[in-house]
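Architecture at a glance
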There are 2 protein chains.
Amino acid sequence: MAAATGKAAPLRILGIDPGSRVTGYGVVEKVGHDLRFVSCGAIRVAPGRPLAERLKEIHDGIGEVITSLRPDVAAVEEIFVAANPRSALTLGHARGVLLLAAIQHGLAVHEYPARVVKQAVAGSGRAPKAQVQHMVRVFLALAGAPSEDAADALAVALCHANHCNGLPGVVS
Amino acid sequence: MAAATGKAAPLRILGIDPGSRVTGYGVVEKVGHDLRFVSCGAIRVAPGRPLAERLKEIHDGIGEVITSLRPDVAAVEEIFVAANPRSALTLGHARGVLLLAAIQHGLAVHEYPARVVKQAVAGSGRAPKAQVQHMVRVFLALAGAPSEDAADALAVALCHANHCNGLPGVVS
């Protein structure tokens with residue numbers, strides 16, 4: 001019979017910042033109210049390759065991240081208001097294969113609007129990128145600043161960590 | 001030693017018309033200059049389901065089509081000029097997982113602009129949908145008209161059949 005320790009089970013959250021060239025990822029672990037940095041990085045795809053091959057690289061790349069870091073759940077920014085339909089379509093391709101990889105690995109996928117992510121980590125839905133980057137570093141007590149893409153991904157993970165106690169994100 | 005028959009090997013072409021709710025597909029077989037209808041249909045996804053699940057259904061659906069119909073190559077319309085960034089993003093999600101499925105099954109993916117597809121089957125880059133649907137039926141000697149989504153997919157496959165002798169499409 002398992003002893004009741006009163007401790008919450010750790011929850012590993014994978015945050016993803018989708019991009020057609022660079023996809024940031026960041027994993028944090030939440031134990032009760034404590035947050036711990038696990039890992040972060042970026043999946044970079046050479047722009048010259050054919051589109052389908054690049055999508056396979058993104059899909060396989062996040063798959064390797066999921067296999068090695070074993071998150072319990074994934075969190076992604078809900079929408080990117082692209083400047084034009086073409087860039088939105090391009091981003092959609094990458095985002096599609098990332099969401100697919102998450103669900104293929106059995107992860108529930110939560111989506112949060114950008115302003116909710118910024119509000120969660122920087123206290124303002126309009127916080128600039130540098131402020132988000134700084135606050136992510138402070139929250140996770142990182143020695144150095146993560147790259148912009150990794151910081152955005154960690155911010156989404158932190159946002160989910162914040163919301164999964166109370167308000168749920170949109171389950172994608 | 002194989003006898004030289006002088007006959008070209010048949011080429012099975014999978015045409016795909018991506019959509020977030022309905023994805024049309026059509027397979028034609030090209031033997032020399034002859035074209036033969038193989039199959040067509042649509043993958044329909046219930047709109048109420050979470051996005052990642054819908055993408056998995058689209059991905060798995062086209063995977064089943066590829067497994068059962070065994071095409072040699074895939075052809076997809078190159079770009080959809082969406083009315084707004086949001087619908088482009090939505091379409092991009094579906095298109096991304098379709099291209100991924102094709103390359104995961106070892107198919108080369110060719111992309112053709114919509115006007116090239118229309119030109120190939122209806123003689124005009126601005127042909128309306130009904131005309132495309134009619135010409136697809138004529139070209140493939142179909143007893144009945146295929147659905148609009150399936151007809152668009154067959155049109156892309158016919159376009160590739162037309163171009164793969166001469167001008168190549170953009171390899172995606």
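Thresholds applied
Residues numbered from 1 in each chain as written. Chains lettered and ligands numbered in written order. Predicted model: local features only at pLDDT ≥ 70, side-chain atom pairs only at ≥ 80, totals over all residues. Heavy atoms only, no water. Helix = DSSP H or I, 4+ residues; strand = E, 2+ residues; numbered from the N terminus. Buried < 20%, exposed > 50% of the residue type's maximum accessible area, 1.4 Å probe, protein only. Lys, Arg positive; Asp, Glu negative; His and termini not counted. Salt bridge = Lys/Arg side-chain N within 4 Å of Asp/Glu carboxyl O. Contact = heavy atoms within 4.5 Å. Buried area = accessible area lost by both parts, 1.4 Å probe. Polar contact = N/O pair within 3.5 Å; in protein donor to acceptor, adjacent residues only side chain to side chain. Axes fitted to C-alpha atoms, helices over the stretch in contact; angles between N-to-C directions. Parallel < 35°, antiparallel > 145°, perpendicular 65-115°, else oblique. Left-handed = near helix turned anticlockwise from the far one by under 90°. Nonpolar A, V, L, I, M, F, W, Y, C, P; charged D, E, K, R; others polar. Expected span 1.5 Å × (residues − 1). Least-squares fit on C-alpha atoms with pLDDT ≥ 70 in both.

1. Let's talk about the side chain of Glu-77 of chain A
Residue and element names in this part refer to chain A. Take Glu-77: it is sitting in strand E4 (residues 73-77). Although Glu-77 lies buried, it forms no salt bridge, and the closest oppositely charged side chain, Lys-129, sits 6.8 Å away as judged by the N-O distance. Setting aside chain neighbours within four positions, we find Glu-77 in contact with Ile-16, Arg-95, Glu-111, Tyr-112, Ala-114, Val-117 and Val-156.

2. Regarding the interface of chain B and chain A
Facing the 28 residues of chain B at the interface are 29 residues of chain A. Carbon and sulfur atoms make up 79% of the surface buried where chain B meets chain A, a total of about 2,400 Å² over both sides. The largest per-residue losses of area from chain B upon contact with chain A belong to Ala-52, Leu-89 and Leu-100 of chain B, which jointly make up 22% of the total buried on that side. Between the two partners, chain B and chain A, sit zero salt bridges. On the surface where chain B and chain A come into contact, there are four residue pairs in polar contact (both at pLDDT 80 or more). Top contributing element to the side of chain B that touches chain A by residue count: helix H2 (residues 85-104) of chain B, with 14 residues.

3. Structural notes on the packing of helix H3 (residues 114-122) of chain B against helix H4 (residues 129-139) of chain B
Residues and elements named next belong to chain B. One can describe the packing of H3 onto H4 by two numbers: an axis separation of 9 Å at closest approach and a directional angle of 50°. As judged from the angle between their axes, H3 and H4 are oblique. The way H3 lies across H4 gives a crossing that is left-handed. On H4, the residues that touch Lys-118, Ala-120, Val-121 and Ala-122 of H3 are Gln-131, Val-132, Met-135 and Phe-139. Residues that form the contact of H3 with H4 fall into these classes: six nonpolar, one polar and one charged.

4. Here's the deal with helix H1 (residues 51-69) of chain A
Its 19 residues give H1 of chain A an end-to-end C-alpha distance of 27 Å, which sits within 8% of 27 Å, the value for a rise of 1.5 Å per residue. Residues of H1 of chain A that are buried include every one of Leu-51, Ala-52, Arg-54, Leu-55, Ile-58, His-59, Gly-61, Ile-62, Gly-63, Val-65, Ile-66 and Leu-69 of chain A, and no others. The inward-facing, buried residues of H1 of chain A abut strand E1 (11-17), strand E2 (22-31), strand E3 (34-44) and helix H2 (85-104) of chain A together with H2 and strand E5 (108-112) of chain B. Just downstream of H1 of chain A, Arg-70 of chain A is the residue with a positive phi angle, here 50°.

5. What about unusual backbone geometry?
If you check the backbone angles, Ala-141 of chain A has positive phi at about 50° while not being a glycine. Inspection of the secondary structure assignment puts Ala-141 of chain A in the loop between helix H4 (129-139) and helix H5 (148-163).

6. Considerations on the relation of the copies chain B and chain A
Taken together, a rotation about one axis and a shift along it account for how the two chain copies relate. Mapping chain B onto chain A is achieved by rotating through 180° and translating by 0.0 Å along the same axis, at an RMSD of 0.0 Å. Taken together, the rotation angle and the small translation identify this as a two-fold axis. Of all interface residues in chain B, 100% are interface residues in chain A too; the two copies therefore contact each other through one and the same surface.

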